[in-house]
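Observations on the three-dimensional arrangement
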Amino acid sequence: ELLKGGQRPLAGRKAIVTSGPTHEPIDPVRYIANRSSGKQGHAIAAALAKLGAEVTLVSGPVTIPDPAGVRVVHVERAEEMRDAVLAALPADVAVMVAAVADWRVASAAGNKIKKKPGEAPPPLQLAENPDILKTIGHHPSRPKLVIGFAAETENVAENGRAKLERKGADYILANDVSPATGIMGGDRNRVKLIGRNGVEDWPDMDKEDVAAKLAARIAEALSR
Ligand code: CTP
Ligand code: CA
C-alpha cells in the first residue's frame, strides 16, 4: 500500500549490495569458492534501484547479466570485494548478500601447480578472509541500515541471530540452504527476517519477490 503508483521512496538514497561468490585463487587456473548464483543479490540491487536508490552492486564472478539501472563493480576475491565496498561508502543502506569464501589460499602460486607422479597432493595453507559485513557493521561511516544474509543448514534462527549480534547488523535474512530445500541455485527462496526485536517467517517466494519485499522494508525503515 505504501508503494503504489510508481513512487520512488528511495530517491536520493545510496545503497551498496554484494552478490555472488568470491573466487580465491590457488594458482592461475584453480580457485576455492562457495556456491552462489548471484540471483538473490542481483534481484535486491534491481529492486532498490526500482524504488529510486542509487545502487552500487559489488559482484563476484556470476553468469547472470548485470541488472539494469545499477552501477556494477566486478571483483574476484574477497579482499577486492571489501575494497570495492569501502570505496562505495558513504551509503544509507548496505545489503551483504555475497557468499564470500571464508578462507583464501595463504600464498597463491604464480604458476600452475603441476602433478608430480608418485608424490603426495600439494597441501593448501589457508588464511581467513576479511568479514565484509562485520567491517561495515562496525565502520565509523556505518550506513544507517546494515543487512546481511545467513545461509544455514541447521538451527537457522539461532545461528542468524548470533550473526546479527556478532556482525553489528540491523537485520539478517536467514535461509535454510540444506540440499533438500533446492534453494541453492534455484529461483525461489524462503527466508526468516531476523531483527533486534524478533523474527518474521516469510513464505516461499520468487527471489524477485523476496527482493521487492526487502526493498519496501528498507524504504520504510529509512523513512523513520
Ligand atoms: N560475509 C561477509 N564477509 C565474509 C563472510 C561473510 O561479508 N568474509 C557476510 C555474507 O555476505 C552474509 C553474512 O556475512 O551477509 C553471513 O555469511 P555466512 O557465511 O553465513 O557467515 P559466516 O560469519 O561466514 O559464518 P559461517 O560461514 O561459519 O556460518
Ligand atoms: Ca561463511
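On a predicted model such as this, the values are computed, not experimentally measured, just so you know.

**Overview of the site of ligand 1**
Around ligand 1, 17 residues are found, and the nearest of them are Met-96, Val-100, Ile-132, Leu-133 and Gly-148. Breaking the shell around ligand 1 down by element, the ones donating at least two residues are helix H3 (132-137) and strand E9 (145-152). A total of 4 residues in the shell around ligand 1 trace back to one element, the largest contributor, which is E9. When its residues are assigned to classes, the shell around ligand 1 shows 11 nonpolar, 3 polar and 3 charged.

**Structural notes on helix H5 (residues 207-223)**
Along its 17 residues, H5 runs 24 Å from first to last C-alpha, staying within 8% of the 24 Å computed at 1.5 Å per residue. For H5, the complete set of buried residues consists of Lys-207, Val-210, Ala-211, Ala-212, Leu-214, Ala-215, Ile-218 and Ala-219. Packed against the buried residues of H5 are helix H1 (39-50), strand E6 (93-96), E9, strand E11 (188-189), strand E12 (191-195) and strand E14 (205-206).

**Section: unusual backbone geometry**
At the junction of Leu-89 and Pro-90, the peptide bond is cis and its omega measures out at 0° in the coordinates. In this model, Asn-155 sits at a positive phi of 45°, which is unusual for a non-glycine residue. Position of Asn-155 relative to the elements: it lies in the loop between E9 and helix H4 (156-167). What makes Asn-155 exposed here is the crowd of 12 C-beta atoms within 10 Å.

**Some words on the pairing of E9**
Bridge count between E6 and E9: 4 bridges; the pairing is parallel. Bridge pairing links Val-93 to Leu-145 in E9. For the crossover from E9 across H4 to strand E10 (residues 171-176), the handedness is right-handed.

**Let's talk about the UniProt feature "binding site: CTP" (unreviewed entry) in the protein chain**
UniProt tags Asp-102, Lys-112, Pro-130, Asp-131, Ile-132, Leu-133, Phe-149, Lys-163 and Lys-167 as "binding site: CTP" (unreviewed entry). The greatest C-alpha distance among the annotated residues, which extend across 66 residues, is 37.1 Å, indicating that they are dispersed rather than converging on a single site. Structurally, Asp-102 is set in the loop between E6 and strand E7 (103-105). Apart from residues lying up to four places away in sequence, Asp-102 is in contact with Glu-128 and Asn-129. Note that Asp-131 resides in the loop between strand E8 (126-128) and H3.

Conventions adopted
Residues numbered from 1 in each chain as written. Chains lettered and ligands numbered in written order. Predicted model: local features only at pLDDT ≥ 70, side-chain atom pairs only at ≥ 80, totals over all residues. Near = placed C-beta within 6 Å. Helix = DSSP H or I, 4+ residues; strand = E, 2+ residues; numbered from the N terminus. Nonpolar A, V, L, I, M, F, W, Y, C, P; charged D, E, K, R; others polar. Expected span 1.5 Å × (residues − 1). Buried ≥ 20, exposed ≤ 12 C-beta atoms within 10 Å, placed from the backbone. Contact = placed C-beta atoms within 7 Å. Pairing = 2+ DSSP bridges. Right-handed = clockwise from strand over helix to strand, strands pointing away. UniProt positions renumbered as here; feature names shortened; annotations may be inferred.

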